[in-house]
Amino acid sequence: MTNTIKHFDAIIIGTGQAGPPLAARFAGAGKTVAIIERHKFGGTCVNTGCTPTKTLVASAYAIHVARRGAEYGFAVGDLRVDMERVKARKDAASARSSKGVEEWLRGTTNCTVIKGQASFQSSNTVVVNGEVLQADKIYINVGARASIPDMPGVHDVPFLTNSSMMDIDFLPDHLIIVGGSYVGLEFAQIYRRLGSEVTIVEMGPRLIGREDEDVSQAVREILEDEGIHIRVNAKCVSLDKREGGVTVGLTCEEGPPEVVGTHVLLAVGRTPNTSDLGLDRAGIATDHRGYIIVDDQLQTNVLGIWALGDCNGRGAFTHTSYNDYEIVADNLFNADHRRVSDRILAYALYIDPPLGRCGMTDAEIRKSGRRALAAKYPMSQVSRAYEKGETQGFIKICVDAETKQILGAAILGVGGDEVIHVLLDAMYAKTPYTVIQRAMHIHPTVAEYLPIILDKLAPFA
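Parameters and conventions
- Residues numbered from 1 in each chain as written.
- Predicted model: local features only at pLDDT ≥ 70, side-chain atom pairs only at ≥ 80, totals over all residues.
- Heavy atoms only, no water.
- Pairing = 2+ DSSP bridges.
- Helix = DSSP H or I, 4+ residues; strand = E, 2+ residues; numbered from the N terminus.
- Axes fitted to C-alpha atoms, helices over the stretch in contact; angles between N-to-C directions.
- Contact = heavy atoms within 4.5 Å.
- Expected span 1.5 Å × (residues − 1).
- Buried < 20%, exposed > 50% of the residue type's maximum accessible area, 1.4 Å probe, protein only.
- Disulfide = S-S within 2.5 Å.
- Core = buried A, V, L, I, M, F, W, Y, C linked by side-chain atoms within 4.5 Å.
- Parallel < 35°, antiparallel > 145°, perpendicular 65-115°, else oblique.
- Left-handed = near helix turned anticlockwise from the far one by under 90°.
- Nonpolar A, V, L, I, M, F, W, Y, C, P; charged D, E, K, R; others polar.
- Patch = residues over 30% accessible without salt bridge, like charges linked within 9 Å, V, L, I, M, F, W, Y side chains within 5 Å.
- Areas by Shrake-Rupley, 256 points an atom, 1.4 Å probe, with all protein chains shown as cover.
- Salt bridge = Lys/Arg side-chain N within 4 Å of Asp/Glu carboxyl O.

Caption draft 1: The arrangement of the sheet that holds strand S10 (residues 174-178) in detail. Within the open sheet, the 4 strands sit side by side as S12-S11-S10-S16. Their pairing is parallel. Across the chains shown, the open sheet's two edge strands, defined by having one partner strand only, are strand S12 (229-231) and strand S16 (263-266). In this sheet, neighbouring strand axes are inclined to one another by 20° on average, regardless of whether the strands run parallel or antiparallel. In the packing of helix H6 (residues 182-194) onto the sheet, contacts are made with S10, strand S11 (197-201) and S16, and the angle to S11 comes to roughly 165°.

So this is what it looks like as structure tokens:
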């Protein structure tokens, strides 16, 4: 190892959604910054998350609509899915994004891009490729990966994760998905629409357990209507090789104690990429799962070190990671006082139709003890949904009875992932819901029904 120490104003470890814009912000302010990436530029979102999976969602949707051609007045003859071309389209989208991030960083003045594994040497030095880098400000943006449960047979079976799913260019005959939450459900519908038989195994009593029960049930019905098999109250306890595939052993209240398929996808949570950073040498504290502990402004327990994105356990989405960047950058460069606790939980589930969610769930509202009003409206009564022939789902909005501010909402249906922002923006503005009722919305849209739904508010049950 060289004794030479390279000095920077800031060091950023990882090129996910928070790292690159923060590097550009430092560089633009005339500061020297080193950004380190050991694998692919762009992190989970670009390489194994949002970009590739939503590209697959789009392919699966096109195929789904083509199969329903008769409903829309056309016929396409024999449909054949070419998985090599589906994968090539997905790969091209990811490669474009990843290449764009790398070229942007390498072309930024004052920014030094380093490929390699970073490891802390002390609280202000990092070693990479045998070189020692020093900075008074260090930002960790290393993300997370799929968790691999410790169960009999897990290392004897060639299981898939959300990352390795990106590499397959064939259709599994029968894909078993262990985990009935967001990642698992998106892959379930994608591969069912592409032509695989799909079984979801969920240990809890229902899918997406953090959602309201009516949302969970409606999502289950949407998936089952497309022929997806769903096993709930079924804990996966073992994996075994079988000729031509895999057997998933279950502990369950009803149904057979095993599911036999050709491939198995493990979608049972995430693990932060923090175990090989030498955090102990810097004195950085983590929780029992390995997430880096941060305060409300994303600072670790060590002065001069911050953790952004999935590795801090304060959010598990691309948009929360990017918002981490915004919080840190505004506090540092604009003398702002932004905090993680200021943001309102919001996300989407990209099945079709999508689910857009913001704010509090029904359970959280009940637990809060506040007096609330709520309204629910079926998508079958929304003209835009009816015109598109996509009427599954509903819109549900809850508001505070006293302040009239929106507490939370779920939009499961056409455009739900976009329309939810009308409500989310009103929540950030802390404006009463009546402002939405006074707005003139465009027809025909889904958003134009929000004032109609808000007219139907009744005491929250």
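Caption draft 2: Looking closely at H6. For H6, with 13 residues, the first-to-last C-alpha span of 19 Å sits near the 18 Å given by 1.5 Å per residue. When H6 is considered as a whole, its buried residues turn out to be Tyr 182, Gly 184, Leu 185, Glu 186, Phe 187, Ala 188, Gln 189, Ile 190, Tyr 191, Arg 193 and Leu 194. Remark: Gly 195 follows H6 within two positions and exhibits a positive phi of approximately 130°.

Caption draft 3: Expanded view of the state of the cysteines. Following the criterion strictly, the structure yields 0 disulfides and no others. The thiol of Cys 50 is not disulfide-bonded; the next cysteine sulfur, from Cys 45, is found 3.3 Å away. Cys 398 takes part in no disulfide bond, and the closest cysteine sulfur to it belongs to Cys 358, at a distance of 10 Å.

Caption draft 4: How the structure looks around the nonpolar core. Ranked by size, the top nonpolar core spans 48 residues in total, and within it Ile 13, Leu 22, Ile 36, Phe 120, Tyr 139, Ile 140 and Ile 284 carry the most contacts. Among residues more than four places away in sequence, those in contact with Leu 22 are Ile 12, Tyr 139, Leu 308, Tyr 325, Val 328 and Ala 329.

Caption draft 5: Representation of the packing of helix H1 (residues 19-28) against helix H9 (residues 318-333). Direction vectors running N to C along H1 and H9 enclose 20°, while the axes themselves pass 9 Å from each other. In terms of orientation, H1 lies roughly parallel with respect to H9. Crossing of H1 against H9: the hand is right-handed. Residue-level inspection shows Pro 21, Leu 22, Arg 25 and Phe 26 of H1 in contact with H9, the latter providing Tyr 322, Tyr 325, Val 328, Ala 329, Asp 330, Leu 332 and Phe 333. When its residues are assigned to classes, the contact of H1 with H9 shows 9 nonpolar, no polar and 2 charged.

Caption draft 6: Region of interest: a nonpolar patch on the surface. Judged by side-chain polarity, Tyr 72, Phe 74, Val 76 and Leu 79 come together as a nonpolar surface patch covering roughly 340 Å² of accessible area. Mapping Leu 79 onto the fold places it in the loop between helix H4 (69-72) and helix H5 (83-106).

Caption draft 7: Representation of the pattern of salt bridges within the structure. Throughout the structure, instances matching the rule amount to 23 salt bridges. For Lys 90, the salt bridge goes to Asp 91, with nearest N and O atoms at 2.8 Å. Given a relative accessible area of 28%, Asp 91 falls into the partly exposed group. Residue Glu 102 is joined to Arg 106 by a salt bridge in which the shortest nitrogen-to-oxygen separation is 2.9 Å. Of this pair, Glu 102 and Arg 106 both sit in helix H5, 4 residues apart, which is roughly one turn of that helix. The exposure class assigned to Glu 102 is partly exposed, which follows from its relative accessible area of 27%. Judged by relative accessible area, Arg 106 falls into the partly exposed class, the value being 44%. Connected via shared salt-bridge partners are Asp 212, Asp 214, Asp 362, Lys 376 and Lys 396.

Caption draft 8: Just the packing of helix H3 (residues 50-67) against H6, in detail. Between H3 and H6, whose axes approach to 9 Å, the crossing angle comes to 40°. In this view, H3 runs oblique relative to H6, as classed from their interaxial angle. Remark: the crossing between H3 and H6 carries left-handed chirality. Each of Thr 53, Lys 54, Leu 56, Val 57, Ala 60, Tyr 61, Ile 63, His 64 and Arg 67 in H3 lies in contact with H6, whose residues at this interface are Glu 186, Phe 187, Ile 190, Arg 193 and Leu 194. Split into classes, the residues belonging to the contact of H3 with H6 amount to 8 nonpolar, 2 polar and 4 charged.

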